[in-house]
Amino acid sequence: MAGFFVSRHLGVALHTFPFTYREDAMKKVTSLIIVLLSISSICLSQDPNSAAFGIRLGSNFDVTSSIGSNLLTDGTPMYKFKPENSFRSFSRYYVLITPKTKKVYSIWGIGDIDSDAKCKKEQDLVMAILVKKYGEMDDQGLMSSLYDSKTISQGDKSVSTKCSGFSDITIDIRYYDHELKTLAEKERIELESEKLDSSGL
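Bear in mind that the values here come from a model prediction, so they are computed numbers and not experimental data. Residue indices follow the written sequence of each chain, beginning from 1 at its first position. Note on the predicted model: pLDDT of at least 70 is required for a residue's local features to be given, and 80 or more for side-chain atom pairs to be given and counted; whole-chain, interface and lining totals, by contrast, use all residues. Hydrogens and water are ignored here; the side-chain numbers use all heavy atoms of the structure.

1. Description of the overall build of the protein chain
Spelled out, the test is: Helix and strand assignments follow DSSP, with helices taken as H or I runs no shorter than four residues and strands as E runs no shorter than two, numbered in order from the N terminus. To sort residues, take the accessible area from a 1.4 Å probe on protein chains only and compare it with the maximum for the residue type: under 20% means buried, over 50% means exposed, and anything in between is partly exposed. In this description, contact between two residues means that some pair of their heavy atoms is separated by no more than 4.5 Å.
The helix and strand inventory of the protein chain stands at four helices and nine strands. Reading the protein chain from its N end, one meets helices and strands in the order α-β-β-β-β-β-β-α-α-β-β-β-α. In the protein chain, which comprises 201 residues, the proportion classed as buried is 29%. Sequence-distant contacts, at least 24 apart, represent 54% of the contacts inside the protein chain between residues at least 6 apart.

Now the structure itself:
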């Protein structure tokens, strides 16, 4: 009887060992999966081209903090700011914001260069840095080639560089959130509509 008890006890022990081992293994695998998913989530949540010069696309911008302003040819206001992290190619920095919600949808850096040849060399340098950080450039279309524009797109965001001018050569870099750019146009129309008397239409 004693022998039967011992053998039965050993049998239980022998059967429980593999289950305990498998439970430990499953816990380790589960923990590893959770860690990997967390890392993936962090990586996916970080848009590499969503910030520049200390400003983040989508952030709120206080226009009273700007150090100047300018207008694009279509009347869109640009607000000048002092960058936290400047880059040698650029001497003037601007943001474009949604008119009502004041969210940054574009970040610009503009610099003056002596000649077109020097501008293209500086543009190649900037693009090499951007490609290393963000990935390959988009294929250049005819218009991009004509205007010396080079772009890297990622989802609804992009960053591009361009050389402009003939006697006064400038190089610029532009970061865009295209969804917010669409919102900016929607808000502009809403604001303009509120100011107008549409009864005659």
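And the narrative resumes.
2. Some thoughts on the state of the cysteines
Rules: Cysteine sulfur atoms that come within 2.5 Å of each other are treated as a disulfide pair.
Tallying each qualifying case throughout the model produces one disulfide. Disulfide partner of C119: C163, at an S-S distance of 2.1 Å. Handedness here is read from the sign of the S-S torsion; for C119 and C163, about -105°, the answer is left-handed. Remark: C163 occurs in strand β8 (residues 157-164) and C119 occurs in helix α2 (residues 116-134); sequence separation between them is 44 residues. C163 shares its class with C119; the two are buried.

3. Section: the sheet that holds strand β6 (residues 104-113)
This is how it is decided: Only strands that DSSP links by at least two bridges are regarded as paired with each other. Throughout, an axis means a line fitted to C-alpha atoms (over the contacting stretch in the case of helices), and angles, computed between N-to-C directions, take values from 0 to 180 degrees.
Pairing in this open sheet of seven strands is antiparallel, and the strands run β3-β4-β5-β6-β9-β8-β7 from one edge to the other. The open sheet is flanked by β3 (68-71) and β7 (149-154), the only strands paired with a single partner. Each adjacent strand pair in this sheet contributes to an overall mean axis angle of 20°, direction not counted. Examined bridge by bridge, strand β5 (residues 92-97) and β6 share six bridges and lie antiparallel to one another. Opposite Y94, over in β6, you have W108 as the bridge partner. Contacts from helix α4 (residues 178-195) reach β6, β8 and β9 (169-177) within the one sheet, and its direction differs from that of β9 by about 90°.

4. Looking at the pairing of β8
Along any regular strand, the residues point their side chains to alternate faces of the sheet. For β8, the tally of buried residues reaches six of eight residues, placing the bulk of the element in the interior. Examined bridge by bridge, β8 and β9 share eight bridges and lie antiparallel to one another. By the bridge assignment for β9, S160 is matched with R174. A loop of four residues connects β8 with β9, the two strands running antiparallel in sequence, and G165 in this loop sits at a positive phi of about 95°.

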